[in-house]
Amino acid sequence: MFGFASKDIGIDLGTANTLVYLKGRGIVLREPSIVIKNTRTNEIVAVGKRARDMMGRTPANIVALRPMRDGVISDYDTTLAMIKHCISEATGKAPGKWRGGKVMICVPYGVTSIEQRAVMDAARAVGAAEAYTIEEPFAAAIGAGLPVWEPVGSMVVDIGGGTAEVAIISLGGIVSSESIRVGGDEMDEAIKHYVRKRYNVVIGERTAENLKMGIGTAAVLNEEEAELDMEIRGRDLVTGFPKTLTITAKEMEQALKEPVTRIVEGLGTTLEKTPPELASDIMDRGIVLTGGGALLKNLDKVIADAVGMPVFTADHPLDCVALGTGRALEDFDRYRTAIERR
């Protein structure tokens, strides 16, 4: 617990992870976006890291839930529990005891007004005096240090757990955007599907994620990369017994081909809708990747080859959305002016 009495808080409420930014302090908390709930009593059993450690090790009536699915609230009560827990951990206040000023929460570009209101209602319910939302790709661009307030085109691809948000930004607003229902979770599912189809073996979410982080790649570019492999364990569907497998980087390229292709196609669709002047800016300045998915090996090279433009990965891709949310809070008058001008 940090015990820092900040009144303004920025929250990157992601599908996979939740980050909290305290105004004047920076990012102070990272928690998995997981809530364990008792379906018989509707009691919240655990939240965050403790909930992640319990996954797959609970009775049938104790289930793991993600507050966010595809970047939007899937269950209001679990979202409320997640926000309350994170604010409590970040501020040192007991759950439900914090009373603050502004809370700004990230939402995907293009969410409905009802979904947006649900996020703001959740923030007010945990003690916020004022609640605001900020679009994830816009926050990611601010966090990546792009000149979002200037009359110049910037392009960001924020690949989170549930969605990949592609956006062209200029003069404090999003000019064009595409939200693709592909992210880290979809990549994990693709890996699980590949292992099941190829080896008749079932693996869990955490094993698939470990594979993705260990030897996951959008493309194998040389012999050294081709030789990378990783040993995993799963359940053989024929015998029902545990089985050990060795998966190669080349197999990971095959497993991840579909989600990577969908990201590239979504990026191309956004570029097609871009005004010529801004497209020229992007050709000169390049495309910036943020989010956990940006860490997939060689993804920048695959995208660069597909679109014929320079592609860069942000310095701290996992933190960009939370940092951008915090910086919008720090410079709130400028952000509010940009919102009113839209």
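Owing to the predicted nature of the structure, the values given are computational and were not obtained by experimental measurement. Positions within a chain are numbered from 1, following the residues in the order the chain's sequence is written. Per-residue local features of the predicted model are confined to residues with pLDDT of at least 70, and side-chain atom pairs are confined, for both listing and counting, to 80 or more; whole-chain, interface and lining totals are unaffected and use all residues. Just so you know, side-chain values use all the structure's heavy atoms and leave hydrogens and water out.

Q: Summarise the pattern of salt bridges; cite the residues concerned and give the values.
A: Every case where a carboxyl oxygen of Asp or Glu lies within 4 Å of a side-chain nitrogen of Lys or Arg is listed as a salt bridge. Under the defined criterion, the tally for this structure stands at 14 salt bridges. Close ionic contact of D236 with K243 constitutes a salt bridge, the shortest N to O distance being 3.7 Å. Relative accessibility under 20% of the residue-type maximum defines a buried residue, over 50% an exposed one, and the middle range a partly exposed one, all with a 1.4 Å probe and only protein chains included. For K243, a relative accessible area of 33% translates into the label partly exposed.

Q: Explain the domain arrangement of the protein chain to me, using residue names and the numbers behind them.
A: Domain boundaries assigned for the protein chain yield domain 1 (9-139 + 320-340), domain 2 (151-182 + 260-317) and domain 3 (184-255). Residue ranges assigned to each domain were obtained from an automatic or database domain assignment. The straight-line distance from the C-alpha centre of domain 1 to that of domain 3 is 31 Å.

Q: Now, about the packing of helix 4 (residues 136-143) against helix 12 (residues 320-330): what can you tell me, with residues and values included?
A: Axes here mean lines fitted to C-alpha atoms, for a helix over just the part in contact, with angles spanning 0 to 180 degrees between N-to-C directions. Strands are runs of DSSP state E lasting at least 2 residues, helices are runs of H or I lasting at least 4, and numbering of each runs from the N terminus. Interhelical geometry of helix 4 versus helix 12 gives an angle of 85° and a closest axis separation of 6 Å. Relative to helix 12, the element helix 4 is oriented roughly perpendicular. Contacts from E136, A139, A140, I142 and G143 of helix 4 reach helix 12 at C320, V321, L323, G324, T325, R327 and A328. Under the scheme applied here, ten amino acids are nonpolar (Ala, Val, Leu, Ile, Met, Phe, Trp, Tyr, Cys and Pro), four are charged (Asp, Glu, Lys and Arg), and all others, including Gly, are polar. The class makeup of the residues in the contact of helix 4 with helix 12 is seven nonpolar, three polar and two charged. An angle below 35 degrees is read as roughly parallel, one above 145 as roughly antiparallel, one from 65 to 115 as roughly perpendicular, and any other as oblique. Whether two residues are in contact is decided by their heavy atoms: any pair within 4.5 Å suffices.

Q: Please set out unusual backbone geometry residue by residue, giving values where relevant.
A: Despite not being glycine, L171 shows a phi value in the positive range, around 50°. Residue placement: L171 occurs in the loop between strand 12 (164-170) and strand 13 (173-180). For L171, a relative accessible area of 46% corresponds to the partly exposed category. Unlike most non-glycine residues, N298 shows phi in positive territory, near 70°. With a relative accessible area of 7%, N298 lands in the buried category.

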